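# Analysis of the macromolecular model
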Amino acid sequence: MTQEETLPLGTLRLYGSGGAGTNIVGSWHSMDGRSVPGTAECLVAYADTSRANLPANVKDSHVFLLADKDGSGGVRKENHTDIGRNVPGLLQKHPPGDLNVVCFSASGGSGSVFGPLTIKELINANKPVVAVVVGSEESAIRRTNTLNTLKSLDNIARQSGVPVVVFYEHNTQDEPRSAVDARCGFVLASLALLASRQNRELDTADVRSEERRVG
C-alpha cells in the first residue's frame, strides 16, 4: 500500500465572497466534493448579497445569501452591519477545511466586506486561511474601496496578532481580466496541492507554520 493510499485526504475550503470572488471560485465549482491525485478535496461555498454572479444551476446548499438584499451597489458600508452579523452563520453552514481560501474583490461593495470579516472569523477560530484578493482603480469609489479593504486586512492582522496571508492581483486596462483570473486559479491549484496531506514530510501543522511564515 502506498503512502498516498494510507494518508487521510486533506480538505480545501473555498469561500467565494461577492461577485469577483464568486467568479473565481465558480471556475472550481465542478470540483466540489472531489479531488484529483495529489490534491485536497475541494469544498466550495459562495457568500454574497445577490444571486447575480452565482454559477448556473447552483444548489442552495452551496450558497449563503443575506435575506432581503440585492447587492451593495459598490458601497462597502451599505450592508456592512448585516454582513458582520451573518458571517458566523456562514461558517456554521459551510465549515472550514484543513486550509481555507477566501476569494474576493477589494474594490466592490459586498465581497470587500464579506471577505475580510470571514477571514477575521476564521483567524479567531484558529483556522488557517489565505486571502485571494483582486483590486482595481477604474473609478474613484473602486480605488477608495481597494485601499480601504487592504487597510481592513492590515487592521485584522494588527488586532489579532496573526499575519493575514494575501495573494493580491490588480485589474488594469493593460491586460484582460481573464489573465488575472487565470493567475488566481493557479494559486488555488497550488493551495490544493499544499493542503492535500499527501506531501511527504509535510503535515497540517507544517502547513500552518508555512502559512504564518509567509505572512
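Residues numbered from 1 in each chain as written. Predicted model: local features only at pLDDT ≥ 70, side-chain atom pairs only at ≥ 80, totals over all residues. Heavy atoms only, no water.

To continue, consider the packing of helix 3 (residues 80-93) against helix 4 (residues 111-124). With their axes 9 Å apart at the nearest point, helix 3 and helix 4 run at an angle of 45 degrees to one another. Regarding the angle of helix 3 to helix 4, the classification is oblique. When the axes of helix 3 and helix 4 are compared, the crossing they make is right-handed. Seen from helix 3, the contacting residues are His80, Ile83, Gly84, Val87, Pro88, Leu90 and Leu91; seen from helix 4, they are Val113, Phe114, Leu117, Thr118, Glu121 and Leu122. Residues belonging to the contact of helix 3 with helix 4 are distributed by class as follows: 9 nonpolar, 3 polar and 1 charged. (Axes fitted to C-alpha atoms, helices over the stretch in contact; angles between N-to-C directions. Helix = DSSP H or I, 4+ residues; strand = E, 2+ residues; numbered from the N terminus. Parallel < 35°, antiparallel > 145°, perpendicular 65-115°, else oblique. Left-handed = near helix turned anticlockwise from the far one by under 90°. Contact = heavy atoms within 4.5 Å. Nonpolar A, V, L, I, M, F, W, Y, C, P; charged D, E, K, R; others polar.)

Turning next to the nonpolar core. The biggest cluster of nonpolar side chains holds 27 residues, and the ones touching the most others in it are Leu12, Leu14, Val101 and Leu188. Where this core is concerned, the elements lending two or more residues are strand 1 (11-17), helix 2 (18-26), strand 2 (41-48), strand 4 (99-105), strand 5 (129-135) and helix 6 (177-194). Top element by residues in this core is helix 6. It accounts for 6 residues. Look past the residues within four positions of valine 101 in its chain and what remains in contact with it is Leu12, Arg13, Leu14, Tyr15, Val130, Val132, Leu188 and Leu191. Among the nonpolar cores identified, the runner-up in size contains 25 residues, and Ala106, Ile123, Val133 and Leu153 belong to it. (Core = buried A, V, L, I, M, F, W, Y, C linked by side-chain atoms within 4.5 Å. Buried < 20%, exposed > 50% of the residue type's maximum accessible area, 1.4 Å probe, protein only.)

Once that is clear, we can look at the pattern of salt bridges. For the coordinates displayed, the defined rule picks out 7 salt bridges. The residue arginine 142 makes a salt bridge to glutamate 138 at a minimum N-O spacing of 3.8 Å. Across the pair glutamate 169 and arginine 183 runs a salt bridge whose closest N-O atoms are separated by 2.7 Å. Taken together, the positions of glutamate 169 in strand 6 (residues 165-170) and arginine 183 in helix 6 put the pair 14 residues apart, joining distant regions of the chain. Among the ionic contacts, a cluster of salt bridges with common partners joins Glu169, Glu175 and Arg183. (Salt bridge = Lys/Arg side-chain N within 4 Å of Asp/Glu carboxyl O.)

You will see that asparagine 126, though not glycine, has its phi angle at about 65 degrees, which is positive. By the secondary structure assignment, asparagine 126 is in the loop between helix 4 and strand 5.

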